[in-house]
Amino acid sequence: MRSIWRGAVSFGLVSIGVKLYTATEDKDVRFHQVHAADGGRVKYKRVCSIDGEEIEYGDIAKGYELPDGQLVILTDDDLAEMPLATRREIEVLQFVDQGDIDPVQYEKTYYLEPDGPATRPYVLLRDALENTGRVAITKIALRQRESLAALRVKDGVLVLHTMRWPDEIRRPDFGFLDEDVSVRPQELQMAEALIGSMTGEFDPTEFSDDYREAMTALLEAKAGGGEVQPVPETADPGAAVVDLMSALRRSVERARGGAAAADEDADADDADADEPAPARRAPAKAAAKKPAKKAPAKKAPAKKAAAEEPPARTTRARKVTAAKKEPAKRTSRRSA
């Protein structure tokens, strides 16, 4: 175990150096939140609600909202000046019977270990509590909070239970408490008999967490049946930014210098959509051999094409060729 706090128990004029350890641990089966489609981890960001910017942890302060809606902000420096920040003492206030403490007040449990040469006074306090059957009521400051605590003995070790303050315990306010509900003596006698038949010594090892065992068995069955997948690799955020900048740069260059080329591509796409595939080949070859302006002066290739194709097909090709020139003129007017 690893100690989470180091200080001293103040017992009259005796100071006992101790280390504090968490006495309990959670055994719940823990899950990650993942995207069901690809298994990617779902992560949360600290985002400011005003400017939408992601906030670094070091820039986060504590804010307290007043009843009138105003906000009081406390920084780490403000909290460091509080007396609890440097207080390392468990002060014994009084001794009481353990039965005087309502279990609803208990919050969390810690073990105390003697620190260095404090073993002898530690054992002295432990034996005194055990012999008198008393519990020490103390105060302790943990994680910027002062708590009431009960100090008792368990298995030869001093155990500290942090406790709720009285104003933190809710009062039960239920309607049936004001009703006059009566039970018959025979019913009460049968209930008491049932309780007597089920009475025994409490052994926590006789009980088990059925849900956790079933969940563990389910996970093992899925893993054994091959229903697993590797943890997906996440993309580098820096690379995504570079790709985005590159795409934006190419878009700007195309918008500035490639407007004419884009118009020509659009005209060609319009002509290709209306022109049949066989009639499209002859103009494409002529355009590849000669510039577009000199194409009308060259009548030999046109006659040759007319000789090779049927008359109706030649007439249609001429109509398509004329249609290709008209969008170009319209484009020129738009650009002008």
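Residues numbered from 1 in each chain as written. Predicted model: local features only at pLDDT ≥ 70, side-chain atom pairs only at ≥ 80, totals over all residues. Heavy atoms only, no water.

Notes on the packing of aromatic side chains
How two aromatic rings sit relative to each other is set out by the distance from centre to centre and by the angle between their planes. Tallying each qualifying case throughout the model produces three aromatic pairs. Consider the rings of F11 and F95, whose centres lie 6.0 Å apart with planes at 85°: the pair is edge-to-face. Of this pair, F11 sits in strand β1 (residues 5–11) while F95 sits in strand β5 (residues 89–97), and the two are 84 residues apart along the sequence. Given the relative accessible area of 26%, F11 is considered partly exposed. Classification of F95 by relative accessible area gives partly exposed; the value is 39%. Ring geometry for F174 and F176: centres 6.4 Å apart, planes at 15°, overall stacked. (Phe/Tyr/Trp six-rings, centres within 6.5 Å; stacked < 30°, edge-to-face > 60°. Helix = DSSP H or I, 4+ residues; strand = E, 2+ residues; numbered from the N terminus. Buried < 20%, exposed > 50% of the residue type's maximum accessible area, 1.4 Å probe, protein only.)

What to know about the pattern of salt bridges
Summed over all chains, the structure comprises eleven salt bridges. For the salt bridge of K27 with E25, the shortest nitrogen-to-oxygen distance reads 3.6 Å. Taking the relative accessible area as the measure of exposure, E25 reaches 61% and is therefore exposed. Two residues, R184 and E187, come together in a salt bridge whose shortest N-O distance is 3.5 Å. Under the relative-accessibility criterion, R184 is labelled exposed at 52%. (Salt bridge = Lys/Arg side-chain N within 4 Å of Asp/Glu carboxyl O.)

Observations regarding the nonpolar core
In terms of nonpolar packing, the biggest core is built from 21 residues, with V9 and L112 touching the most fellow members. With sequence-adjacent residues up to four places away left out, V9 is seen in contact with V14, S15, I16, V18, I90, V92, L112, L125 and L151. Within the second largest apolar cluster, seven residues are counted, among which are V96, I101, I137 and A150. (Core = buried A, V, L, I, M, F, W, Y, C linked by side-chain atoms within 4.5 Å. Contact = heavy atoms within 4.5 Å.)

Digging into the side chain of H161
Structurally, H161 can be placed in strand β9 (residues 157–163). Exposure remark for H161: the relative accessible area of 8% places this residue in the buried category.

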